[in-house]
2 protein chains.
Amino acid sequence: MATIGKLAGVSQVTVSRALSNPEKVSAAAMERIQEAIRVTGFVPNALAGALASRKSCLITALVPSITNVVYSSLLHGFSEIMRAEGYQLMVSETGFSPETEEALIFTHLSRRPDGILLTGIHHSATARRMLLGAGIPVVEFWDITESPIDCCVGFSHTESGRHTAEMAHGWGYRRAATVAAGDQRALRRRDGFRNRFAELSGHADIPAITGEAGPASLQSGRAALAALIEDHGFSGGVIQCSSDQSALGILTEARIRGLRVPQDVAVIGFGDQDYAAFTDPPLTTVKVDRDRLGRAAARAMLTRFRGESDPDRVTDIGFELLRRASA
Amino acid sequence: MATIGKLAGVSQVTVSRALSNPEKVSAAAMERIQEAIRVTGFVPNALAGALASRKSCLITALVPSITNVVYSSLLHGFSEIMRAEGYQLMVSETGFSPETEEALIFTHLSRRPDGILLTGIHHSATARRMLLGAGIPVVEFWDITESPIDCCVGFSHTESGRHTAEMAHGWGYRRAATVAAGDQRALRRRDGFRNRFAELSGHADIPAITGEAGPASLQSGRAALAALIEDHGFSGGVIQCSSDQSALGILTEARIRGLRVPQDVAVIGFGDQDYAAFTDPPLTTVKVDRDRLGRAAARAMLTRFRGESDPDRVTDIGFELLRRASA
DNA sequence: TTGAAAGCGCTAACAC
DNA sequence: GTGTTAGCGCTTTCAA
């Protein structure tokens, strides 16, 4: 900046102002400064700027996995809004591990972000302490709780499971099974479903296949149906899956085994992936408006930046069970 | 750090050393420092550290879209290795737009990353100038060229199209069509295919449906087959698609129209998404080892950090046509 | 409208 | 092993 200033015949401070408060610089000086910038290819150092102004224009996000469309599409919507406001996003993957999350929160906080976005509402005690100590907006998304660190926007996973059970029971299903990935939220959807379906149907024996924490794959869905039939004596009914991926696997395995969907096996997925409407048969699934969620999370953060008093701490964006032909 | 020092009875510099060169600090001092850190919940300021040391431990990446598994899985592999070496990743989406890319390169460079990762080999002149001026490693991935900015790792899209044409012709197909998204690389795969297939079959009329730049969707695939049949009089043969997504759309539309795959319509996708082996029929598709690509890109960058002389400028990781039942 | 001075929180180079 | 000094490249006051 000093160099630019020399070239333009002004001081370094004026260059700084030209970049951040253009209206406070005379047109003549402005022109010479811009010319000097063009000639030199000057790129300001945002690190120094952030250090001096205590504003990094950086938002940090932690998600379990970026290859999972559920999270990446959320980040997409979120970052789109934040970028329009001048904020950049730094993302890391926790791989569904609380320990990794804790370590990453420390690393991220050391970059002095203006805000932080976290997945889910369960964080280690140390993590909570660091977050609180950082004194920046924290938004937890994809789940809700009455006691967020700062604020949260999402929906109740337990409720989505319960609702799925009620609808399935309403459609006449009397037998059920569940296939879930091992992560916190998938398990709560599963439990919500099992408890409610048991209440309604009077059958407490609802076979459950539980995978590892981590992304469910089509393969794991296929294996799950095989296990359900061969190891658990599952002989028909509705299967609640924790993702559309595993639901697609079940559809595939069912076809290979000559089972009719939904007559012999009915399938309900979760996520409403873009292919869900085009599987054979089309997948009945729980849809969460991820675009809206991403935007709501961005709005919550921006509201906090503006320092508005008494902003909403918890935003429930709900879910919707889309009935298609698979159940 | 000064506060920590005071609590531990040492100077601020010793605290700094305790964190970055623990071996240069006495065990006694170390212990008191760590205790003070624990008590205060101190999180060092990486911004200030980066400013002073001219090393940000930040890698910046630009991809067209993070919701596209092709790119996100690459980032996943890349960041995994980089994180193990102490580097964090900042990602932004260009949305397939060169203008956006240029603007983002400027923004990213202002954060003084230690290296930058770009998608593809086509960048604006201004972008190239900025990149060169930054004096940091630049790795371009997902494509190759003889004249990278710094280095590139990927494969030849034209060649993958040509190879697909040769194989399809070898399998006995004599008629073809293409369905491509509008981005640079999809178009080169398409052109490679069309040129080679025309040479081999002697039929120069290969109907081509070209979409917008941006992610192809299942829907666009369905629409493409409809257009092929209704507008282009396509009456059978093999269809080369620029993604598995659109290929799945074609499979879907074919089933709805009562067309047999591959007898009436044969389909070849691109990407080998995780569901490709499980569609009905399983999808013949071009596979690129994305994990390997991500790792190769990371290795290229790390090699440059070590300042090794004469590192490989271009790494071709190739591709593979997986024949399944759809063609 | 512009500039001078101070300082953001750290690391690098040197002394002790 | 530890401390002192001098910046890193900006923004923020304050004064002119």
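Basis of the calculations
- Residues numbered from 1 in each chain as written.
- Chains lettered and ligands numbered in written order.
- Predicted model: local features only at pLDDT ≥ 70, side-chain atom pairs only at ≥ 80, totals over all residues.
- Heavy atoms only, no water.
- Pairing = 2+ DSSP bridges.
- Helix = DSSP H or I, 4+ residues; strand = E, 2+ residues; numbered from the N terminus.
- Axes fitted to C-alpha atoms, helices over the stretch in contact; angles between N-to-C directions.
- Contact = heavy atoms within 4.5 Å.
- Least-squares fit on C-alpha atoms with pLDDT ≥ 70 in both.
- Domains from an automatic or database assignment.
- Near = heavy atom within 4 Å.
- Polar contact = N/O pair within 3.5 Å; in protein donor to acceptor, adjacent residues only side chain to side chain.
- Nonpolar A, V, L, I, M, F, W, Y, C, P; charged D, E, K, R; others polar.

The name given to chain A in an unreviewed UniProt entry is LacI family DNA-binding transcriptional regulator, and the organism recorded there is Mangrovicoccus algicola.

Undergrad: What is the right way to look at the sheet that holds strand S12 (residues 320-322) of chain B in this model?
TA: Each strand in a sheet pairs with another by means of backbone hydrogen bonds, the pair being arranged parallel or else antiparallel. Residues and elements named next belong to chain B. Taken together, 6 strands build an open sheet; the order of strands is S7-S6-S8-S9-S10-S12 and the sheet is mixed. Two strands in the sheet have a free side with no partner beyond their single neighbour: strand S7 (208-210) and S12. Each strand axis lies, on average, 15° off the axis of its neighbour in the sheet, ignoring direction. As judged from the 4 bridges shared by strand S6 (residues 176-180) and strand S8 (residues 237-241), these two strands associate in the parallel manner. In the sheet register, Thr178 faces S8, and the bridge partner there is Gln240. In the packing of helix H10 (residues 218-232) onto the sheet, the strands contacted are S6, S7 and S8, and the crossing angle to S7 comes to about 135°. Each of S6, S8, strand S9 (265-270) and strand S10 (284-287) touches helix H11 (residues 244-256); the most contacted strand, S9, lies at about 160° to it.

Undergrad: Looking at this model, I keep getting lost on the relation of the copies chain A and chain B. Mind explaining?
TA: Applying a rotation about an axis and a shift along it to one chain copy brings it onto the other copy. For the pair chain A and chain B, the relating rotation is 180°, the translation along its axis is 0.0 Å, and the fit reaches an RMSD of 0.1 Å. Expressed as a symmetry operation, the mapping of one chain copy onto the other fits a two-fold axis. Judged by C-alpha distance, A:Met90 is the residue of chain A that lies nearest the rotation axis, at 2.2 Å.

Undergrad: Sorry if this is basic, but what is going on with the domain arrangement of chain A here?
TA: You'll often see interface size given as the accessible area lost when the parts meet. Each assigned domain of chain A is listed with its residue range as follows: domain 1 (2-44), domain 2 (55-155 + 290-317) and domain 3 (157-287). On a C-alpha basis, the centres of domain 1 of chain A and domain 3 of chain A stand 62 Å from each other.

Undergrad: Sorry, what's going on with the protein's contact with DNA strand D here?
TA: The full set close to DNA strand D counts 23 residues, and A:Gln12, A:Ser16, B:Val13, B:Thr14 and B:Arg17 are the nearest of them. In the model, a phosphate oxygen of DNA strand D is placed 2.9 Å from a nitrogen or oxygen of the B:Ser11 main chain. Within the backbone of B:Ser26, an N or O atom sits 2.9 Å from a phosphate oxygen of DNA strand D. For the surface near DNA strand D, the elements supplying multiple residues, two or more each, are helix H2 (12-20) and helix H4 (46-53) of chain A together with helix H2 (12-20) and helix H4 (46-53) of chain B. Looking at the surface near DNA strand D, the element that brings in the most residues is H4(A), giving 4 residues. The class makeup of the residues in the surface near DNA strand D is 12 nonpolar, 8 polar and 3 charged.

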